[in-house]
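# Notes for the structure review
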Amino acid sequence: MRSPLLNKLSVIFGPRPPVSWLLLCFVSVLALIAVFGSSSSNSFDSVTSTPVPEIFTNYRRLKEQAAVDYFELRTILSGSSRQRELGLCGKERENYVPCYNVTANLISGFKDGEEFDRRCEVPRHGSWCLVRPPKDYKIPLRWPAGRDVIWSGNIKITKDQFLSSGGVTKRIMLLEENQIAFHPEDGLIFDGVKDYSRQIAEMLGLGSDSELFQAGVRTVLDIGCGFGSFGAHLVSLKLMTLCIAAYEATGSQVQLALERGLPAMIGNFISRQLPYPSLSFDMVHCAQCGIVWDKKEGIFLIEIDRLLKPGGYFVLTSPTSKPQGSSTSMKKRNMLTPLEQYTEKICWSLIAQQDDTFIWQKTADAHCYSSNKKNDVPLCKEGYDAPYYQALVPCITGTSSKRWIPIQNRSSSSDLSSAELEVHGNPEDFFEDLQVWKLALKNYWSLLTPLIFSDHPKRPGDEDPLPPFNMVRNVMDMNAHYGGLNAAFLEERKSVWVMNVVPVRAHNTLPLILDRGFLGALHDWCEPFPTYPRTYDLLHANGLLSHLTSERCGLMELFIEMDRILRPEGWVVLSDKLGVIELARAHATQIRWDARVIDLQNGSDERLLVCQKPFLKK
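Keep in mind the model is a prediction, meaning the values are calculated, not measured.

### Some details on the sheet that holds strand β14 (residues 536-542)
Strand-to-strand pairing in sheets goes through backbone hydrogen bonds, with the strands running parallel or antiparallel. Taken in spatial order, the seven strands of this open sheet run β13-β12-β11-β14-β15-β17-β16, and their pairing is mixed. The open sheet has two edge strands, β13 (519-523) and β16 (594-599), and neither has a second partner. Averaged over all pairs of adjacent strands, the angle between their axes in this sheet comes to 15°, without regard to strand direction. Relative to β14, strand β11 (residues 474-477) runs parallel, the two being bridged by three bridges. By the bridge assignment for β14, Met 476 is matched with Leu 539. Contacting β11, β14 and β15 (566-577), helix α18 (residues 555-565) crosses the sheet at an angle of about 145° to β15.

Structural data, given as structure tokens:
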């Protein structure tokens, strides 16, 4: 949409004004920007300068419009023309997940589960289109209401699929034809989620599951999370729980969990490592997750060992087929026999068993692997840790890492101790980063209001209102660095969780992020992220665009992927250099986002691009 200034130009001079007149306008606009900028005391300031008030005042829209006109004049003067907006994809792509083409994998000869593996190809420009929402899509309810009630039209799962799943849905209530409500006690566990969680805590020798955090359990990897109820309960206990499940064309566990505002991403145990470094999680949980753990010479258990921190726990709940005898002990023995062979090889101890639930603990002694006489699993070469979808390896990793700290020996505080920070490098950089993002988040939050993207009139003297604390729930930091934005969200008590993504070609700070008790993953942004469409409320990236301009992929592919994973009316905040922000703004317009460029007023060429994705209804 053209600005009023350009409309006036076209009326006076026709569709192509003289260059000399445009240059005069250009100088005038710069003068206006200087006047507004010099008179401001409440503008968005640099994250490295002195603190400023949190809320923009009424002059802001005028300054932003001047910036918009400035960039449009620059576009005309350079002789470039606007590119057409991208069209919408067909209905068949409403729940499209790139890199998971089961049919193509079967044709290529993959089998034994490998047809469900992730395989990415370079996207073709001819296939560019915007994934549209389903016909009955509705904006999710705000957290915490959205955790327990979702719109059934937002996920690719039908009412018949829910009702035909038997005992799994006994505690699920369909409020109306278009809503699904989850009771606190629903899920895959027989006696209810709370009872099950309490049982696990008691098996660990704790008085209740509220003591799990103090016992060193802060991050949990939940394999095959069903409807996400166990993860929802652990999140209520302040335990960061990430659900992973294999790609599913319909009835997706990952899509449903994310729709409920719970952390989840597509991942499986087939032939490749998960995109997390060694020593990532305090507990790995599997309740009827469908994995045969003694398959392939126990290599899946070796991958669990890689992911577990020293002293961490593997919790397995899996009813077995009825044994030939009727003895309960025989049933348990039949189940444990193949697993015992492999768990002994990798220095795990079976510390508790009750009914169909078994808990193993990974050794805290790094020397156990080399001294164990029953151990025929070798140690990986020193320094080996390449977890970005590399092939599973039959060797033990992490034993020589400085991060080999038993979870029981960590400080009870949620913050890292000085000794733990020293493991990762210079603590001064870490604390400086934390202060930067405290200020940045306050200013970001003042920008996330629809008023800056509309002509809605304000009462004289009114300032833009801050959005509610729970306006967004699922947040992705696409270039997380130390996880400072995540920490700032927690300090401000915003009701969000953050997927901290570390690009594979950036400095790998993911171990530090995970040791802080946050969630994160490695990712190559030249490829699609392993999630379903419309699963994030806010995308943030600082410096990522400049990084990608030197990569093998283009920014347009990145923006199309961002649009795919961003829910309608979701937000994007990009921070980068002026030149790449100008290019990004053009791409944002092409994919139909509302976009504004914000000058940080700190004398640098850094700019913010704040965008909102519209709800394109059919």
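### A few points about the pairing of strand β17 (residues 606-612)
Most of β17 is tucked away: six of the seven residues are buried. Sheet analysis places β15 next to β17, joined by seven bridges and oriented antiparallel. Across the sheet, Trp 571 pairs through a bridge with Gln 612, a residue of β17. Where β16 meets β17, six bridges bridge the pair, whose relative direction is antiparallel. The partner of Ile 598 across the bridge, within β17, is Leu 608. Connecting β16 to the antiparallel partner β17 that follows it, the hairpin turn spans six residues, and Gln 601 within it adopts a positive phi of roughly 55°.

### Here we look at the environment of Arg 585
Along the chain, Arg 585 falls in helix α19 (residues 578-590). Assessed through its relative accessible area of 14%, Arg 585 is described here as buried. In this structure the C-alpha to C-alpha distance between Arg 585 and Cys 611, which are 26 residues apart in sequence, comes to 8.7 Å.

### A short note on the packing of α18 against α19
Packing of α18 against α19 brings their axes to within 10 Å, and their N-to-C directions diverge by 50°. As summarised for this structure, α18 and α19 are arranged oblique, according to the angle between their axes. Here α18 and α19 pass one another in a crossing that is right-handed. When α18 is examined against α19, the residues Leu 555, Met 556 and Phe 559 are found in contact with a partner set consisting of Val 580, Leu 583, Ala 584, His 587, Ala 588 and Gln 590. Its residues assigned to classes, the contact of α18 with α19 comprises seven nonpolar, two polar and no charged.

### Digging into α19
Counted at 1.5 Å a residue, the expected span for α19 with its 13 residues is 18 Å, and the 19 Å between its end C-alpha atoms agrees. Of the residues making up α19, those classed as buried are Leu 578, Val 580, Ile 581, Ala 584, Arg 585, His 587, Ala 588 and Gln 590. Backbone geometry just downstream of α19 places Arg 592 in the positive-phi region, at approximately 75°.

### Concerning the sheet that holds strand β10 (residues 357-362)
Spatially, seven strands are ordered β6-β5-β4-β7-β8-β10-β9 in an open sheet, and the strand pairing comes out mixed. The two strands at the open ends of the sheet, each matched to only one other strand, are β6 (264-266) and β9 (348-354). Taking each pair of neighbouring strands and ignoring which way they run, the sheet shows an average axis angle of 20°. Examined bridge by bridge, strand β7 (residues 281-287) and strand β8 (residues 308-317) share six bridges and lie parallel to one another.

### Observations concerning helix α15 (residues 484-491)
Across the eight residues that make up α15, a large majority, six, are buried. Taken together, the buried positions of α15 are occupied by Gly 484, Leu 485, Asn 486, Ala 487, Ala 488 and Phe 489. Structurally, α15 contributes buried residues whose contacts are with α14 (427-447), β11, β12 (497-503) and β14. Immediately downstream of α15, the backbone of Arg 493 shows phi near 60°, a positive value.

Basis of the calculations
Residues numbered from 1 in each chain as written. Predicted model: local features only at pLDDT ≥ 70, side-chain atom pairs only at ≥ 80, totals over all residues. Heavy atoms only, no water. Pairing = 2+ DSSP bridges. Helix = DSSP H or I, 4+ residues; strand = E, 2+ residues; numbered from the N terminus. Axes fitted to C-alpha atoms, helices over the stretch in contact; angles between N-to-C directions. Contact = heavy atoms within 4.5 Å. Buried < 20%, exposed > 50% of the residue type's maximum accessible area, 1.4 Å probe, protein only. Parallel < 35°, antiparallel > 145°, perpendicular 65-115°, else oblique. Left-handed = near helix turned anticlockwise from the far one by under 90°. Nonpolar A, V, L, I, M, F, W, Y, C, P; charged D, E, K, R; others polar. Expected span 1.5 Å × (residues − 1).

By themselves, these are just geometric observations and shouldn't be taken as functional.
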